[in-house]
Amino acid sequence: MFKLKKNRYLTSSLVILAVLSLGLTGCGTSAASNATSDTPAKTVLKVGATPVPHAEILEYIKPELAKEGVELRIVNYTDYVRPNLDLDSGDIDANFFQHTPYLDTFNKDHDLNLVPIAKVHIEPMGIYSKKITKVADFKAGDTIAIPNDPSNSGRALALLAKASLIQLKDGVGIKGTINDIIDNPKQLKITPIDAPQLPRVLQDPKVIAAVINTNYALEGGLNPTKDSLFTEDKDSPYANILVVKDSQKNDSALQKLAKALTSLSVKKFIEDKYQGSIVPAF
C-alpha cells in the first residue's frame with residue numbers, strides 16, 4: 001500500500017510538471033516574449049518595391065535597421081497598381097516605387113488615404129531607341145511608346161514637348177493627354193503601353209522609340225546616362241517616395257525606415273552605384 005501511494009503521488013507530480021512545461025512553451029512563440037530586458041523586441045516591416053533601384057536601396061539599409069530592432073522584408077512588385085492596393089489592405093506595411101503625382105492620382109481614383117513620409121530619390125524619365133541615335137532622326141509617322149498610366153503619360157508627353165517633338169496646349173503641364181497635342185510636325189504616332197513593357201517594345205520593328213521611367217530602363221539593361229536620346233532635367237519634381245497608410249504615418253518602426261532611407265549613407269550609396277542616372281532627393 002505504501003509503494004502504491006508513493007507511485008500515485010509521483011505520477012500526479014509528473015502530470016503537473018508536464019502541464020506547466022506546456023504552458024511555458026506556449027508563451028515563448030513571439031519575438032517579444034523571447035527578448036530579454038536588455039534586447040528590444042524585433043519589429044517586422046513588409047515593404048513593397050519594384051526591383052531596381054527601390055529594392056536595391058532597401059537591401060542596402062537592412063543591416064542598419066536590424067541594429068535598431070527592425071527586420072525588413074522586401075516584397076517585389078513588377079507593376080504600379082498592386083503595391084498600393086496591397087498597402088491599403090494591410091498585406092504590406094509600406095511601399096517604395098512611386099512619385100507624388102502618381103500617388104495623388106491613385107488615391108483619388110481608388111478612394112484611398114495613402115501618404116508619403118520620405119522623399120528618397122529622383123529617376124529622370126528618358127526617350128530611348130534601338131533604331132536612331134538622336135532626336136533629330138525621327139521621321140514622319142514614326143511610333144513612340146509612352147506609359148499608359150495617367151500621371152506618367154502626362155509626364156512623358158511633357159518630355160516629348162520639351163524635346164520639341166510635339167506641342168501641348170498652354171497650361172496643361174504634366175497633366176496633358178494625347179488630346180492636348182496641338183502640334184505634331186512629324187505626325188508621330190504616340191502609343192500608350194504598360195510601363196513595365198516599354199523596354200521590351202524597343203525590339204518591335206514598328207516602334208522607333210519609347211519614353212521610359214528610369215527604374216524600368218535599368219531593369220531592361222539600359223543606361224540612362226548613355227542610352228537615352230533625351231532626359232528630364234535633374235531638377236525634376238518627381239521624387240520617389242516611401243508611402244504608408246495615413247493611420248500608420250507616426251509608427252516608430254516606419255519612422256526608423258524613413259530616417260534610414262534619407263541618411264547620408266544612402267545618399268552616397270545612390271551616387272556611387274547609379275552614377276547620375278538616379279539622384280538623391282534629400
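Residues numbered from 1 in each chain as written. Predicted model: local features only at pLDDT ≥ 70, side-chain atom pairs only at ≥ 80, totals over all residues. Heavy atoms only, no water.

## Some details on the confidence of the model for the chain
For the record, the criterion: Note: pLDDT gives the predictor's confidence per residue, expressed from 0 to 100. Any two residues whose heavy atoms approach within 4.5 Å at even a single point are treated as in contact.
When pLDDT is averaged along the chain, the result is 88, and 85% of the positions lie at 70 or above. In this model residues 1-37 is a low-confidence stretch, pLDDT under 50, and it forms 7 contacts with partners more than four residues away in sequence or in other chains.

## A few points about the nonpolar core
Heads up, the condition is: Buried residues of nine kinds, namely Ala, Val, Leu, Ile, Met, Phe, Trp, Tyr and Cys, make up a nonpolar core once their side-chain atoms join them within 4.5 Å. Only protein chains enter the accessibility calculation, which uses a 1.4 Å probe. A residue is then buried if its area is under 20% of the maximum for its type, exposed if over 50%, and partly exposed in between. By definition, any uninterrupted DSSP run of H or I lasting at least four residues is a helix, any uninterrupted run of E lasting at least two residues is a strand, and each is numbered from the N terminus.
Within the largest apolar cluster, 29 residues are counted, with the highest numbers of intra-cluster contacts made by Leu58, Ile61, Leu72, Leu257 and Leu261. In terms of residues, this core owes the most to one element, helix α10 (residues 252-261), which gives 6 residues. Not counting chain neighbours up to four residues away, the residues in contact with Ile61 comprise Leu72, Leu257, Ala260, Leu261 and Val266. Leu87, Val207, Ile212 and Ile241 belong to the second largest nonpolar core, which has 25 residues in total.

## Examining the side chain of Glu123
To keep things clear, this is the line we draw: Charge assignment: positive for Lys and Arg, negative for Asp and Glu; neither His nor the chain ends contribute. Definition used for salt bridges: Asp or Glu carboxyl oxygen within 4 Å of a side-chain nitrogen of Lys or Arg. Residues adjacent in sequence count toward polar contacts only when both atoms are side-chain atoms; beyond that, a polar contact is any pair of N or O atoms within 3.5 Å, and within protein one must be able to donate a hydrogen and the other to accept it.
Take Glu123: it is sitting in the loop between β4 (114-122) and β5 (126-128). Among buried Asp, Glu, Lys and Arg side chains, Glu123 stands out as unpaired, with Arg155 the closest opposite charge at 6.6 Å. A polar contact of 3.1 Å, which involves the side chain of Glu123, links it to the side chain of His54. Once you skip the residues sitting within four places of it in the chain, Glu123 turns out to touch Pro53, His54, Arg155, Thr214, Asn215, Glu232, Tyr238, Asn240 and Ile278.

## Here's the deal with the pairing of strand β12 (residues 239-245)
This is how it is decided: The rule for pairing is simple: two strands pair if DSSP sees at least two bridges between them.
Counting buried positions along β12 yields 6 of 7 residues, so the element is predominantly enclosed. Pairing between strand β3 (residues 94-99) and β12: 4 bridges, direction antiparallel. The partner of Gln98 across the bridge, within β12, is Ile241. Across 7 bridges, β4 lies against β12 in antiparallel orientation. Its bridge partner being in β12, Leu114 is matched across the sheet by Lys245.

## A few points about α10
Test applied: The arc under discussion is defined with respect to the helix axis, by the directions toward the C-beta atoms.
The complete set of buried residues in α10 reads Ala253, Leu254, Leu257, Ala258, Ala260 and Leu261. The arc that holds the buried residues of α10, viewed along the axis, is 165 degrees, so those residues lie on one side. Away from its buried face, by an angle of more than 90 degrees, α10 presents the exposed residues Ser252 and Lys259. Measuring from the backbone nitrogen of Ala253 back to the side-chain oxygen at the start of α10 gives 3.1 Å, which picks out Asp251 as the cap.

## Comments concerning the packing of aromatic side chains
As a reminder of what qualifies: For Phe, Tyr and Trp, where Trp contributes only its six-membered ring, two rings pair if their centres lie within 6.5 Å, and the inter-plane angle classes them as stacked under 30 degrees, edge-to-face over 60, or tilted in between. The criterion for a charge sitting over a ring is simple: Lys NZ or Arg CZ within 6 Å of the ring centre, and within 35 degrees of the ring normal.
For the structure on display, the rule yields 7 aromatic pairs. Taking the centre distance of 4.3 Å and the plane angle of 15 degrees together, the rings of Tyr60 and Phe269 count as stacked. Here Tyr60 is found in helix α3 (residues 51-67), whereas its partner Phe269 is found in helix α11 (residues 264-274), with 209 residues between them in sequence. Assessed through its relative accessible area of 17%, Phe269 is described here as buried. Judged by centre distance (6.1 Å) and plane angle (75 degrees), the ring pair of Phe97 and Tyr102 falls under edge-to-face. Each member of the pair, Phe97 together with Tyr102, is buried. Counting every residue linked through ring pairs, the aromatic cluster contains Tyr80, Phe97, Tyr102, Phe106 and Tyr216. Its end group placed over the ring of Tyr238, Arg155 keeps NZ or CZ at 4.0 Å from the ring centre.

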